[in-house]
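Here is how the chains run, residue by residue.
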Amino acid sequence: MCQFKDSCKNGTQCAREPVLFEFDEDGYRVAKYCEHYRENEILFDISHSGLTKYMERCELSNYIVTDKVQEDVKRIVTSYVDQLRKAVTNGTEVPWLLLSGHYGMGKTHLATAAFKEAIRAGLTSRPMYYVEDIQTLKNSYYGKGGRDDLLTMFKTVPLLFIDEFMKTFTTADAPIIIDLINYRYSKELPTIITTELQPREIMLKLSSTMDRILEKTQKKFLYYFGENCQSYRTKI
């Protein structure tokens, strides 16, 4: 039964207020999503995250493999999706996925494909485009306006996809990132992450945060495209 009866009385759409904020047993403010959220509001999130073109075309099946690197990373992401489906079915913890490497390696293609599989598996999911969303979060965090509810949504959504993680990082980002990752870590909420930074670069900036990300990937659902990898875009 949809908790937003006025807007979903016909069971077809969430015309307004798809998210209800409540407090959990530990006193944390959490976002509760309408049952129709995945069918409607997710499209709005995607259209404002720059992922529209990726959502339309990116699947594991059309990720073109032309070398050993691409074969390895596709195998890892495929294994991740299999594990995600099993975890959702069995009610167990879903692991995290981390894809790291410089621009043009196909990270967003693979991460988006995994994100779509999470939605298909029934996980309420939303994207975070770091470059744009971190500024909105900072404006709110430091009292300069913005959306007060956005960090809560990112922290508490059942699955979060962070694209371009820490790409425009400044020290002002640190408390927001730490809060976001620590909450999702402690609440066992799966997160898919792409970043142009090498793991050791993140470790130097936020060591405890990187430790937690690595732990949640089970140190097997992660891949770093080395400096000498050829751009995926030049191969397709």
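Residues numbered from 1 in each chain as written. Predicted model: local features only at pLDDT ≥ 70, side-chain atom pairs only at ≥ 80, totals over all residues. Heavy atoms only, no water.

J.: Looking at this structure, how should I read the overall build of the protein chain?
T.: Counting its secondary structure elements, the protein chain contains nine helices and seven strands. In the protein chain, which comprises 236 residues, the share counted as buried stands at 50%. Taking as baseline every contact in the protein chain between residues at least 6 positions apart, the subset at least 24 positions apart corresponds to 75%. For the protein chain, the exposed surface amounts to about 11600 Å²; the carbon and sulfur share of it is 48%. (Helix = DSSP H or I, 4+ residues; strand = E, 2+ residues; numbered from the N terminus. Buried < 20%, exposed > 50% of the residue type's maximum accessible area, 1.4 Å probe, protein only. Contact = heavy atoms within 4.5 Å. Areas by Shrake-Rupley, 256 points an atom, 1.4 Å probe, with all protein chains shown as cover.)

J.: It is not clear to me how helix α9 (residues 207-216) should be interpreted in this structure. Could you clarify?
T.: Two residues of an α-helix separated by three or four positions point the same way, owing to the 3.6 residues in each turn. All buried positions along α9 are accounted for by Thr209, Met210, Ile213, Leu214 and Lys216. Along α9, the residues classed as buried sweep out an arc of 165 degrees about the axis, all on the same side. Summarising the contacts, the buried residues of α9 are in contact with β3 (97-100), α7 (174-186), β6 (191-195), α8 (199-205) and β7 (222-224). Immediately beyond the C-terminal end of α9, within one or two residues, lies Gln218, with a positive phi of roughly 60 degrees. (Arc of directions from axis to C-beta.)

J.: How should helix α5 (residues 130-141) be read in this particular structure?
T.: The end-to-end C-alpha distance of α5 is 15 Å, a good match for the 16 Å that twelve residues give at a rise of 1.5 Å each. Listed in full, the buried residues belonging to α5 are Tyr130, Asp133, Ile134, Leu137, Lys138 and Ser140. The buried side chains of α5 occupy one side of the element, clustering within an arc of 160 degrees when seen end-on. Packing partners of the buried residues in α5 comprise β4 (125-129), α6 (150-156), β5 (159-163) and α7. Of the residues trailing α5, Gly143 is marked for its positive phi of about 70 degrees. (Expected span 1.5 Å × (residues − 1).)

J.: I tried to follow empty space enclosed by the protein on my own but got confused; where do I start?
T.: Over the atoms, a rolling probe the size of a water molecule traces out where space has been left empty. On inspection of all chains with the given rule, the structure shows one cavity of 30 Å³ or more. In this model, the largest cavity occupies a volume close to 30 Å³. Lining the largest cavity are Met128, Tyr130, Ile134, Leu137, Ile162, Phe165, Ile176, Ile177 and Leu180. Mapped onto the lining of the largest cavity, the elements with two or more residues apiece are α5 and α7. (1 Å grid on protein atoms, 1.4 Å probe; cavity = no way out; pocket = protein on both sides within 12 Å on 5 of 7 lines; lining within 4 Å. Points joined across faces, edges and corners; volume = space filled by probe spheres on them.)

J.: Any chance you could explain the packing of helix α3 (residues 68-90) against helix α4 (residues 107-120) here in plain terms?
T.: Orientation of α3 relative to α4, taken along the N-to-C sense of each, is 15 degrees, at an axis distance of 10 Å. The orientation of α3 with respect to α4, classified from their angle, is roughly parallel. Taken as a pair, α3 and α4 cross one another with a handedness that is right-handed. Residue-level contacts link Val73, Val77, Tyr80, Val81, Leu84 and Arg85 of α3 to Leu110, Ala114, Glu117 and Ala118 of α4. The residue inventory of the contact of α3 with α4, partitioned by class, reads eight nonpolar, no polar and two charged. (Axes fitted to C-alpha atoms, helices over the stretch in contact; angles between N-to-C directions. Parallel < 35°, antiparallel > 145°, perpendicular 65-115°, else oblique. Left-handed = near helix turned anticlockwise from the far one by under 90°. Nonpolar A, V, L, I, M, F, W, Y, C, P; charged D, E, K, R; others polar.)

J.: How should I be thinking about the confidence of the model for the protein chain in this particular structure?
T.: Interpreting fine coordinate detail is not advised for predicted regions of low pLDDT. Across the protein chain, the average pLDDT comes to 80, with 71% of residues at 70 or higher. Note on residues 1-17: pLDDT under 50 across the span, and 34 contacts to partners over four residues away in sequence or across chains. The low-confidence segment residues 228-236 (pLDDT under 50) makes 23 contacts with residues lying over four places distant or belonging to another chain. (pLDDT = per-residue confidence, 0-100.)

J.: Explain the pattern of salt bridges here, please?
T.: Side chains that differ in sign of charge can pair as their charged atoms come close. Throughout the structure, instances matching the rule amount to twelve salt bridges. Asp72 is the partner of Lys68 in a salt bridge, and the nearest nitrogen-oxygen pair spans 2.9 Å. Of this pair, Lys68 and Asp72 are both found in helix α3, four residues apart, which corresponds to roughly one turn of the helix. Assessed through its relative accessible area of 53%, Lys68 is described here as exposed. Salt-bridge contacts for Glu93 lead to Lys216; the nearest nitrogen and oxygen are separated by 2.6 Å. Of this pair, Glu93 sits in the loop between α3 and β3 while Lys216 is found in helix α9, placing the two residues 123 residues apart along the sequence. Judged by its relative accessible area of 32%, Glu93 is partly exposed. Where salt bridges share partners, they join Glu59, Asp82, Arg85, Lys116, Glu117 and Arg120 into one cluster. (Salt bridge = Lys/Arg side-chain N within 4 Å of Asp/Glu carboxyl O.)

J.: How should the environment of Gly106 be read in this particular structure?
T.: Here Gly106 lies in the loop between β3 and α4. Distance in space between the C-alpha atoms of Gly106 and Tyr63 is 8.3 Å, their sequence separation being 43 residues.

J.: Explanation requested: the packing of α5 against α7 in the structure shown.
T.: Working note: a packed helix pair is described by the angle between its axes plus the distance between those axes. Viewed as axis vectors pointing N to C, α5 and α7 meet at an angle of 100 degrees, and their least axial separation amounts to 10 Å. On the basis of their axis angle, the class for α5 and α7 is roughly perpendicular. Side by side, α5 and α7 meet where Tyr130, Ile134, Leu137, Lys138 and Tyr141 of the first sit next to Pro175, Ile176 and Ile177 of the second. Taken together, the residues that form the contact of α5 with α7 break down as seven nonpolar, no polar and one charged.

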